[in-house]
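# Per-entry structural report
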Amino acid sequence: KIEKEHEKHKCRVQNQEVIKDIEKQDLRVAGQVRYLSNHVGFPIYENTNATYYKSGEENFKDMIRELKAAKHYIFMEYFIIDEGDMWDTILDILEQKAQEGLDVRLIYDDMGCVSNLPYKYDRILEARGIKCMAFNPFIPFVSLAMNNRDHRKILVIDGHTGFTGGINLADEYINEYEKHGYWKDAGIMLKGDAVWNLTVMFLSMWDYIDNKEEDYIKFKPSKNKYYNSKGYVQPFDDSPLINEPIGETVYLNLINKAKDYIYINTPYLIIDNEMATALKIAAKSGVDIKIVTPYIPDKKFVHAVTKSYYESFIKDGIEIYEFTPGFMHAKTFVVDDEYGVVGSINLDFRSLYLHYECGVWLYKTDSIKSMKDDYLETLKRCHKVTMEECKNTSSIRKVLRLIIRMFAPLL
């Protein structure tokens, strides 16, 4: 059902003049754009402002402002929702907007929220006027379907404003609650034509769960106002049902195009041989590669697997840093002052192969400079892992990490 919905509602209308303009700048970049637009079904756009957020706190402040300004509809799709200051503030606005007659809809992942929200929370919200769906409801017995979770973070307001990134709706994401030290995250707000891709992502998931079919065009603004924006913006999604890993392909294309540097934030570093090899070859070719991971983990076994990559990466010239104040949850790539990705896609098997994910691919936007500046500031709060530290790790611990790594696809 999901596969059929995805194929039916791809955003197929690509402005070919935009691709021609990109071809004049760089043919390799145009190839990446055609992959996501013509093959995957999500066009690239101009006329879109992209604002990068270096923390959940900054992101939350603007989310609230935009939610309060909503006039027609609000669509939200999140992996984790937890009751607290962040969600309670948002929920009050959603309830008020529903009472004003707006079309307010929410999708949450049932597994992601199973320990956070009351049983059948969707019914509780429906009683408050908010249309609500739980994705892939939790079944208390072994089921392969439980592996496929909706890990996306999407907020769309009136078709002209959209948010995505790594930030869920719980207090630790805005550091109102200290769960694993300081929670470092990243998000992005889009204003303009590119928001349509996020709108279609949400509606296709909604129609799958609701088992209905509606006219998407009625949710598309008749005319977005003109945004005096630089560069190009291309939101895209990934699905375990597609026969290729779109998120990993986007990351690999960035790695293979890099000439000067690749700066990566990721909470987990559990990758396949193809991506590991691509990173090592790029480093050996003279590309400055830096990867920031957490110092305080949220999952100790997963962090042990992450650490198992350190020694071989450092040996081949890749610099590894741990974010010492706490947990690094941001999922960002910034490359050569030209390219960037902000989204929900971790560097682990679950995100790359099993989950429903989304991201925003950026080319020559002002937000890329903001991403780089944030990254360089973050490095000042990190500890650089050395080869000496890796070699001084006990043999028993190294063996245990490698044993756990054998089960990496299940973590």
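Residues numbered from 1 in each chain as written. Predicted model: local features only at pLDDT ≥ 70, side-chain atom pairs only at ≥ 80, totals over all residues. Heavy atoms only, no water.

Another point: the sheet that holds strand β17 (residues 382-384). In a beta sheet, neighbouring strands are held together by backbone hydrogen bonds and run either parallel or antiparallel to one another. The eight strands are arranged β9-β16-β15-β14-β10-β11-β12-β17 in an open sheet whose pairing can be described as mixed. Two strands lie at the open edges of the sheet, namely β9 (232-238) and β17, each paired on one side alone. Here the average twist between neighbouring strands, direction ignored, is 20 degrees. When strand β15 (residues 339-343) meets strand β16 (residues 357-363), the two strands line up antiparallel, connected through five bridges. Directly across from Gly343, in β16, lies its bridge partner Gly359. The sheet contacts of helix α14 (residues 366-379) involve β10 (261-265), β11 (288-294), β12 (319-323), β14 (332-335), β15, β16 and β17, and relative to β10 the element is tilted by about 70 degrees. (Pairing = 2+ DSSP bridges. Helix = DSSP H or I, 4+ residues; strand = E, 2+ residues; numbered from the N terminus. Axes fitted to C-alpha atoms, helices over the stretch in contact; angles between N-to-C directions. Contact = heavy atoms within 4.5 Å.)

On to the pairing of β12, then. A regular strand places its side chains so that they alternate between the two faces of the sheet. Of all the five residues making up β12, four are buried; the element is thus mostly covered by neighbouring parts of the structure. As paired elements, β12 and β17 share three bridges and run antiparallel to each other. Residue pairing in the sheet places Tyr321 in a bridge with Lys384 of β17. (Buried < 20%, exposed > 50% of the residue type's maximum accessible area, 1.4 Å probe, protein only.)

A separate point is the side chain of Thr266. Counting through the fold element by element, Thr266 comes out in the loop between β10 and α10 (273-284). With residues up to four places along the chain from it excluded, the contact list for Thr266 reads Ile291, Val292, Thr293, Pro294, Met328, Ala330, Asn346 and Leu347.

For any pair of aromatic rings, geometry is given as the distance between the ring centres together with the angle between the planes. In this structure the tally under the stated criterion is 21 aromatic pairs. Their ring planes at 20 degrees and their centres at 6.3 Å tell us that Tyr53 and Phe163 sit as a pair that is stacked. Taken as a pair, Tyr53 in strand β1 (residues 48-53) and Phe163 in strand β6 (residues 161-165) lie far apart in primary sequence, 110 residues in all. Both residues of the pair, Tyr53 and Phe163, belong to the buried class. Ring centres of Trp183 and Phe327 lie 4.9 Å apart, and the angle between their planes is 65 degrees; on these two criteria the pair is classed as edge-to-face. Here Phe327 lies in strand β13 (residues 326-328) and Trp183 lies in strand β7 (residues 182-184), a separation of 144 residues in the sequence. An aromatic cluster of at least three residues, connected via ring pairs, comprises Tyr73, Phe75, Phe202, Trp206 and Phe219. (Phe/Tyr/Trp six-rings, centres within 6.5 Å; stacked < 30°, edge-to-face > 60°.)

Our next topic: helix α2 (residues 16-25). Listed as buried for α2 are Val18, Ile19 and Ile22. Seen end-on, α2 carries its buried residues on one side only, within an arc spanning 95 degrees. Buried residues in α2 make contact with α3 (27-40), β9 and β16. Where α2 begins, the capping side chain belongs to Asn15, and its oxygen is found 3.0 Å from the backbone nitrogen of Glu17. (Arc of directions from axis to C-beta. Polar contact = N/O pair within 3.5 Å; in protein donor to acceptor, adjacent residues only side chain to side chain.)

The next subject is a nonpolar patch on the surface. Judged by side-chain polarity, Ile396, Val399, Leu400, Ile403 and Met406 come together as a nonpolar surface patch covering roughly 530 Å² of accessible area. With respect to the secondary-structure elements, Ile403 resides in helix α16 (residues 395-405). (Patch = residues over 30% accessible without salt bridge, like charges linked within 9 Å, V, L, I, M, F, W, Y side chains within 5 Å. Areas by Shrake-Rupley, 256 points an atom, 1.4 Å probe, with all protein chains shown as cover. Salt bridge = Lys/Arg side-chain N within 4 Å of Asp/Glu carboxyl O.)

With that out of the way, let us pick up the sheet that holds strand β8 (residues 187-192). If you walk across this open sheet you meet the seven strands as β1-β8-β6-β5-β2-β3-β4, and the pairing is mixed. Each of the sheet's edge strands pairs with one partner strand only, and the pair in question is β1 and β4 (131-135). Taken pair by pair, the neighbouring strands of this sheet meet at an average axis angle of 10 degrees, ignoring direction. Relative to β4, strand β3 (residues 103-109) is paired through five bridges, and the arrangement is parallel.

Looking now at a negative patch on the surface. A cluster of like negative charges, contributed by Glu83, Asp85, Asp88, Asp92 and Glu176, occupies part of the molecular surface. Turning to its location among the elements, Glu176 is positioned in the loop between β6 and β7. (Lys, Arg positive; Asp, Glu negative; His and termini not counted. Charge placed at Lys NZ, Arg CZ, Asp CG, Glu CD.)

Taking 1.5 Å as the rise per residue, α10 with twelve residues should run 16 Å; its terminal C-alpha atoms sit 16 Å apart, in good agreement. Those residues of α10 that fall on the buried side of the exposure criterion are Met275, Ala276, Ala278, Leu279, Lys280, Ala282 and Ala283. The elements touched by buried residues of α10 are α9 (246-257), β10, β11 and α12 (310-315). Immediately beyond the C-terminal end of α10, within one or two residues, lies Gly286, with a positive phi of roughly 105 degrees. (Expected span 1.5 Å × (residues − 1).)

Attention now goes to the nonpolar core. Within the largest apolar cluster, 143 residues are counted, with the highest numbers of intra-cluster contacts made by Trp87, Ile90, Ile262, Leu279, Phe313 and Trp361. With nine residues, the top contributor of residues to this core is helix α8 (residues 195-210). Residues within four places of Phe313 in sequence aside, it is in contact with Leu269, Ile271, Ala276, Leu279, Lys280, Ile291, Ile318 and Ile320. (Core = buried A, V, L, I, M, F, W, Y, C linked by side-chain atoms within 4.5 Å.)

On to the packing of α9 against α10. Closest axis-to-axis distance for the α9/α10 pair is 9 Å, and the angle between their directions is 15 degrees. Taken together, the axes of α9 and α10 are roughly parallel relative to one another. Handedness of the α9/α10 crossing: left-handed. Packed against α9, whose contacting residues are Glu248, Tyr251, Leu252, Ile255 and Asn256, the element α10 presents Glu274, Met275, Ala278, Leu279 and Ala282 at the interface. Residues of the contact of α9 with α10, tallied by class, amount to seven nonpolar, one polar and two charged. (Parallel < 35°, antiparallel > 145°, perpendicular 65-115°, else oblique. Left-handed = near helix turned anticlockwise from the far one by under 90°. Nonpolar A, V, L, I, M, F, W, Y, C, P; charged D, E, K, R; others polar.)

Time to look at empty space enclosed by the protein. Taken as a whole, this structure holds three cavities of 30 Å³ or more when the rule is applied. Taken as a whole, the second largest cavity holds about 60 Å³ of empty space. Lining the second largest cavity are Asn59, Met63, Tyr78, Lys153, Phe163, Thr164, Gly165, Ile167 and Leu169. Elements with a minimum of two residues in the lining of the second largest cavity: α4 (56-68) and β6. Ranked by residue count, the leading element in the lining of the second largest cavity is β6, at three residues. (1 Å grid on protein atoms, 1.4 Å probe; cavity = no way out; pocket = protein on both sides within 12 Å on 5 of 7 lines; lining within 4 Å. Points joined across faces, edges and corners; volume = space filled by probe spheres on them.)

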